There are 2 protein chains.
Amino acid sequence: MSDDQRYDVGTLTNFANSLFQVAGLDASRAEVCARVLVEADVLGHVTHGLNLAGPYLRELEAGTMTADGDHEVVRDKAAVAVWDGRYLPGLWLTQAAVEAATLKARDYGTGTIVIRRSHHIGCLASYLEAPARDGLVLEISCVDPSLAAVPAHGGLNAIFTPDPIAVGIPTGGDPIMIDLSASTTSMGTAALYRERGDKLPGAWLQDAEGTASNDPGVLVGDNPGTILPTGGMDHGYKGFSLALILETFTQGLSGLGRIDNPTNWGASVQVRVTDPECFCGVNEFRRQAAHLIELCQTSTPRDAANPVRLPGHSALARKRQYVADGVPVAEGILSQLREWSGKLGVPMPEVEGRP
Amino acid sequence: MSDDQRYDVGTLTNFANSLFQVAGLDASRAEVCARVLVEADVLGHVTHGLNLAGPYLRELEAGTMTADGDHEVVRDKAAVAVWDGRYLPGLWLTQAAVEAATLKARDYGTGTIVIRRSHHIGCLASYLEAPARDGLVLEISCVDPSLAAVPAHGGLNAIFTPDPIAVGIPTGGDPIMIDLSASTTSMGTAALYRERGDKLPGAWLQDAEGTASNDPGVLVGDNPGTILPTGGMDHGYKGFSLALILETFTQGLSGLGRIDNPTNWGASVQVRVTDPECFCGVNEFRRQAAHLIELCQTSTPRDAANPVRLPGHSALARKRQYVADGVPVAEGILSQLREWSGKLGVPMPEVEGRP
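Sequence order sets the numbering: in each chain, residues are counted from 1 along the sequence as written. By the order in which they are written, chains take letters starting at A while ligands take numbers starting at 1. Two thresholds apply to this predicted model, a pLDDT of at least 70 for residue-level local features and 80 or more for giving and counting side-chain atom pairs, whereas whole-chain, interface and lining totals are computed over all residues.

So, the packing of helix H8 (residues 237-254) of chain A against helix H9 (residues 282-297) of chain B
To obtain each axis, a line is fitted to C-alpha atoms, and for helices this fit is confined to the stretch in contact; angles are then taken between N-to-C directions over 0 to 180 degrees. Helix numbers and strand numbers start at the N terminus; a helix is a DSSP run of H or I with at least 4 residues, a strand a run of E with at least 2. Direction vectors running N to C along H8(A) and H9(B) enclose 140 degrees, while the axes themselves pass 8 Å from each other. Relative to H9(B), the element H8(A) lies oblique. Here H8(A) and H9(B) pass one another in a crossing that is right-handed. Across the interface between the two elements, A:Leu244, A:Glu247, A:Thr248, A:Gln251, A:Gly252 and A:Leu253 of H8(A) pack against B:Glu284, B:Phe285, B:Gln288, B:Ala289 and B:Leu292 of H9(B). Note on residue categories: nonpolar means Ala, Val, Leu, Ile, Met, Phe, Trp, Tyr, Cys or Pro, charged means Asp, Glu, Lys or Arg, and polar means any other residue, Gly included. Grouping the constituent residues of the contact of H8(A) with H9(B) by class yields five nonpolar, four polar and two charged. Throughout, the term roughly parallel applies to angles under 35 degrees, roughly antiparallel to angles over 145, roughly perpendicular to angles from 65 to 115, and oblique to all others. In a left-handed crossing the near helix is turned counterclockwise from the far helix by less than a right angle, and in a right-handed crossing that turn is clockwise. Remark: residues whose backbone-derived C-beta atoms lie within 7 Å of one another are considered to be in contact.

Below you can see the structure in the form of structure tokens.
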């Protein structure tokens, strides 16, 4: 474990909540934004936790993240709805969409909310645990049509974002929490490796001429390369196909996409909730999922030191530890937070301890 | 092009239709089964075309594919329904589910039908074209809980089937038709390479000890290996995650899965239809998708001889050619069909010509 300073989860959430309120968000929106960011930190997704608080506060200051007014309900019909998010905080919009889709799923079996002009929605895994524990299957996907870093399979030009999809799956115990992207890795992960001077675990990138590379340095400079679709050089048509699914669903259903040339940092989002109670019942769903988990967990590992891990289970174990012992925050993130603490007059949280 | 004998698509469909009728299916079911199989052939998915007619006829003969009676509607609530397929022909059940889900999607925005105890559903791409041309987004996924060939990421034991998902996406012209699996390749493709004595294009398999391999021979013998999840050795947690999504949805929602130890050749199936008219309209959906296609098609290719291809576009071009000039059928498939032709007293179709 690192020697980063540790903070109580509630204290840290209250601190972020205060920053967002002073920056102009009302209390309920600030609370959701703070909670979703800190959830990413406690799950171990540190690039998408409080690391994003500074950038979001800058967007609020610049007015490119909207603080006031409501999203517009463009269309609402039975099991589905379209919202225009007006670049309101994406964390709050997404949480509201999960709740609205849940109500629809209870009535219709499934509920789908798509959002255009959401601001950035953070770490997709952050939304999954509570619905999955409640017995709901939740899928969240998003695309930022103002950015591109991933090519078509066999192409050189960046066309897509890494295009994440997160899925929360109820089980007999800890839920399965999948946070998958259509590309071999994300921009944030590649940047982390680059900053550490490390190579990636595989040839997940290509340089501008299309040569496969594990060097995150090929993504920067005058003639940057791209992040390969999932499957890499030899079966990247799989990730390319997944990207096409996620890009067309989010942009085609929400009505805002790359053809509209948006320049704001933002997202077109799809939230789908399925209620197993409207099928064969949540107990049956949990029984089937628990058996699949058992098959995985009792599987002979390729490497005896690395048993098979279910997506989200390490993160949930980490969360339990951090909730008990405090969550570490890296100095690079603390220095950003100190700057905003001073600027907005919100005192820094008390350190809980060092590990 | 091969020197296989070529047949008129309609003639071939009528022939298969007659075989299925003599084997006990009523006229409408036989017609759908014949049409869906021949569609796979004209799209180039030869392992899942008429190659399956013989095995299906054997199943009808043995009674392990049910010919008579209807599927049971276990639950039908608003946008969703659960069917018990009673091992009726999967091609017919799936086509019926697409139609039922479409009616629900028109009313509710989305429609979802899950089926337990379907018989094998053939080539998932075969169902996509007509709905996509009608402006509907169709997703089909299935799992055969009686089979396993793919391990968890990092594990050695076969747990999952290759777990396909097919998605048909309306565009401005030819639809995007994705037929993706959660594993690097399928059992049928690996067998084709093995029969030809070829290696696979990548290290997509592992032997029983967990060593990566491109040799399809590792899947057979006393101590067989497994097909790696999409992403292979270095990022196979992506395919593993996709497998968990597809396995839990199909089995958990339909109520039949691996825990029930089914032994019939069959499938737990999920069919989801989304109607863009209930969101921002199908014209808007097509506009967004057409732009993404243009970005892909105008992308600089890595290899000038291989421009970027959209999923399904080569298959649809092949279909146009085969509809005009006849569809080639390999001798190995013809010899199976001759056997059933003799046995059931259905004359073989007239050859249209050789290319």
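That shown, we press on.
Considerations on the environment of B:Glu59
Residue and element names in this part refer to chain B. Here glutamate 59 is to be found in helix H3 (residues 53-62). Counting other C-beta atoms within 10 Å of a residue's C-beta gives its exposure: the residue is buried at 20 or more, exposed at 12 or fewer, and partly exposed in between, where C-beta atoms are placed from the backbone. Under the C-beta neighbour-count criterion, glutamate 59 is labelled buried, with 22 such atoms within 10 Å. Along the sequence, glutamate 59 and alanine 208 sit 149 residues apart, while their C-alpha atoms lie 31 Å from each other. In contact with glutamate 59, other than residues within four places in its own chain, are Thr64, Met65, His119 and Trp265.

A closer look at helix H8 (residues 237-254) of chain B
Residues and elements named next belong to chain B. A helix is expected to span 1.5 Å multiplied by its residue count minus one. When the terminal C-alpha atoms of H8 are compared, their 25 Å separation across 18 residues agrees well with the 26 Å that a helix rising 1.5 Å per residue should span. In terms of burial, H8 is a largely internal element, 17 of the 18 residues being buried. Directly beyond the C-terminal end of H8, a positive phi value near 85 degrees is found at glycine 255.

Here's the deal with the interface of chain B and chain A
Interface extent is often summarised as the accessible area lost during association of the parts. At the interface, 67 residues of chain B touch 67 residues of chain A. Of all the elements, H8(B) adds the most residues to the side of chain B that touches chain A, at eleven residues. A breakdown of the residues in the side of chain B that touches chain A according to their chemical character gives 33 nonpolar, 24 polar and ten charged.

Points about the sheet that holds strand E3 (residues 80-84) of chain B
The pairing of strands in a sheet comes from backbone hydrogen bonds and takes either a parallel or an antiparallel form. In space, the seven strands of this open sheet follow the order E2-E3-E4-E11-E5-E6-E7 (chain B), with mixed pairing throughout. Whereas interior strands pair on both sides, the edge strands pair on one side only; in this sheet they are strand E2 (72-77) and strand E7 (176-181) of chain B. Ignoring strand direction, the axes of neighbouring strands in this sheet form an average angle of 10 degrees. In the packing of H8(A) onto the sheet, contacts are made with strand E6 (164-169) and E7 of chain B, and the angle to E7(B) comes to roughly 130 degrees. Strand pairing is assigned whenever DSSP detects at least two bridges linking the two strands.

So, the environment of A:Pro229
Residues and elements named next belong to chain A. Here proline 229 is to be found in the loop between strand E10 (226-227) and helix H7 (232-235). A count of 32 C-beta atoms within 10 Å places proline 229 in the buried class. Taking C-alpha positions, proline 229 is 33 Å from threonine 66, a pair spaced 163 residues apart along the chain. Beyond its immediate sequence surroundings of up to four residues, proline 229 is in contact with Val150, His153, Ala182, Ser183, Gly236, Gly239, Phe240 and Ala243.

What about the confidence of the model for chain A?
Overall, the predicted model of chain A reaches an average pLDDT of 96, with 99% of residues at or above 70. Overall fold confidence for the complex sits at a pTM of 0.97, while the interface term, ipTM, reaches 0.97. A residue's pLDDT is the predictor's confidence in that residue, given on a scale from 0 to 100.

Here we look at the relation of the copies chain B and chain A
The atoms used to superpose the copies are C-alpha atoms, taken from residues with pLDDT of at least 70 in both, and the fit is least squares. Once chain B has been moved 0.0 Å along the axis and rotated by 180 degrees, it coincides with chain A to within an RMSD of 0.0 Å. Classification of the inter-copy transformation places it as that of a two-fold axis. Residue B:Gly231, judged by its C-alpha, is the member of chain B lying nearest the rotation axis, at 2.3 Å. Counting the interface residues of chain B, we find that 100% of their copies in chain A are interface residues as well, pointing to one common contact surface.

Brief notes about the packing of helix H1 (residues 9-22) of chain A against helix H2 (residues 27-43) of chain A
Between two packed helices, both the angle of their axes relative to each other and the distance between the axes serve to describe the pair. Residues and elements named next belong to chain A. In contact at an axis separation of 8 Å, H1 and H2 are set at 135 degrees when each is read in the N-to-C sense. Taken together, H1 and H2 sit at an angle that is classed as oblique. Crossing handedness for the pair H1 and H2: right-handed. In this structure, H1 contributes Val9, Leu12, Thr13, Ala16, Asn17, Phe20 and Gln21 to the contact, and H2 contributes Ala27, Ala30, Glu31, Cys33, Ala34, Arg35, Leu37, Val38 and Val42. Classifying every residue of the contact of H1 with H2 by side-chain character gives eleven nonpolar, three polar and two charged.

Regarding the pairing of strand E7 (residues 176-181) of chain A
Residues and elements named next belong to chain A. The element E7 is largely enclosed, with a buried count of six among its six residues. Residues Ile176, Ile178 and Leu180 line one face of E7 and the alternating positions Met177, Asp179 and Ser181 line the opposite face, and both faces are buried. In textbook terms, the turn of a hairpin is the stretch between consecutive antiparallel strands, and for strand E6 (residues 164-169) and E7 this stretch comprises six residues.

Let's talk about the environment of A:Gly281
Residue position: A:Gly281 is located in the loop between strand E11 (267-274) and helix H9 (282-297). Between the C-alpha atoms of A:Gly281 and A:Thr211, which are 70 residues apart in sequence, the distance is 50 Å.

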